[in-house]
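Here is how the chains run, residue by residue.
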Amino acid sequence: MPIPGRRPRAAWAVVGASALLGLYLLACNAVMFGQYVDDMNWLVCAEQMLRGSLNRAWHHPPQLEVSLNWGVPAMLMPFLAVFHRPVLLLKAFMACLFFSGLGMFYLATRGRFPGLQRFPYLSILFLCDFMLAFAGNIMGEPGYVFVLGLIVWLLFERGWFESEDPKRWALVGALAGFIVLLRSIGFVAPI
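Residues numbered from 1 in each chain as written. Predicted model: local features only at pLDDT ≥ 70, side-chain atom pairs only at ≥ 80, totals over all residues. Heavy atoms only, no water.

### Some points on helix H1 (residues 9–27)
Part 1 of the argument: Between the first and last C-alpha of H1 there are 27 Å, a value that for 19 residues agrees with the 27 Å anticipated at 1.5 Å per step.
Part 2 of the argument: Residues of H1 that are buried include every one of Leu20, Tyr24 and Ala27, and no others. Projected down its long axis, H1 carries its buried residues within an arc of 70 degrees, all on one side. Turned more than 90 degrees off the buried face of H1, the exposed positions are Val14 and Leu26. (Helix = DSSP H or I, 4+ residues; strand = E, 2+ residues; numbered from the N terminus. Expected span 1.5 Å × (residues − 1). Buried < 20%, exposed > 50% of the residue type's maximum accessible area, 1.4 Å probe, protein only. Arc of directions from axis to C-beta.)

Right under this line is the structure:
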């Protein structure tokens, strides 16, 4: 029976998570769209892929796009197919990817930090200036953090690490392969 006047721990966790998500959504527009040329390249490449073309839209004569990792445009394509190009909404989507990836990573690793140690761990993980400043960037980092968090969560929070089910391991392998397409450094995930 809960003590009158005290909220259960789960309610505080929801309030804390909501506050952190709100902070990420507020910070999603910290960096101007186009400040890093990559964000515009990813967006235009995803739009070209939706049209069935792998040509650079900004190049004349047409040239096949071979220099970009195709993971970010592939991750943007479903969003763009539904919502088109509202940049602020796209930045909020990327901030949500960043936040949910960190959330899954935290859920899978929180047991290593007992008691009050979790608060510094949470602040280092979620309130790092890099994470907040780049939360809404349309770049590879939000997708990378999301897929990495998903892999770690599936393996350690959902118990897939002990599983011998080949379908589960095939999915983990596919996710580990996709993370390489998001950021080249993702090749360490399969290792």
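### Points about the nonpolar core
Side chains of a nonpolar character, in soluble globular proteins, are inclined to be buried together.
Part 1 of the argument: Membership of the largest hydrophobic core comes to 29 residues, with the highest contact counts inside it found for Leu76, Leu80, Leu90, Val147, Ile151 and Leu175.
Part 2 of the argument: Secondary-structure elements contributing two or more residues to this core are helix H2 (37–50), helix H3 (71–83), helix H4 (87–109), helix H7 (140–157) and helix H8 (166–182).
Part 3 of the argument: Beyond its immediate stretch of four places on either side in the chain, valine 147 contacts Met75, Leu175, Phe178, Ile179 and Leu182. (Core = buried A, V, L, I, M, F, W, Y, C linked by side-chain atoms within 4.5 Å. Contact = heavy atoms within 4.5 Å.)

### A look at the packing of aromatic side chains
Part 1 of the argument: Evaluation of the coordinates by the stated rule reveals 11 aromatic pairs.
Part 2 of the argument: For the pair phenylalanine 99 and phenylalanine 126, a centre-to-centre distance of 5.5 Å together with 50 degrees between the ring planes defines the contact as tilted. Taken together, the positions of phenylalanine 99 in helix H4 and phenylalanine 126 in helix H5 (residues 118–126) put the pair 27 residues apart, joining distant regions of the chain. Assigned by exposure class, phenylalanine 99 and phenylalanine 126 land together as buried.
Part 3 of the argument: Consider the rings of phenylalanine 113 and tyrosine 121, whose centres lie 4.0 Å apart with planes at 15 degrees: the pair is stacked.
Part 4 of the argument: Residue classification places tyrosine 121 among the buried positions, given a relative accessible area of 12%.
Part 5 of the argument: Through pairs of rings, three or more aromatic residues link up here, namely Tyr24, Phe99, Tyr106, Phe113, Tyr121 and Phe126. (Phe/Tyr/Trp six-rings, centres within 6.5 Å; stacked < 30°, edge-to-face > 60°.)

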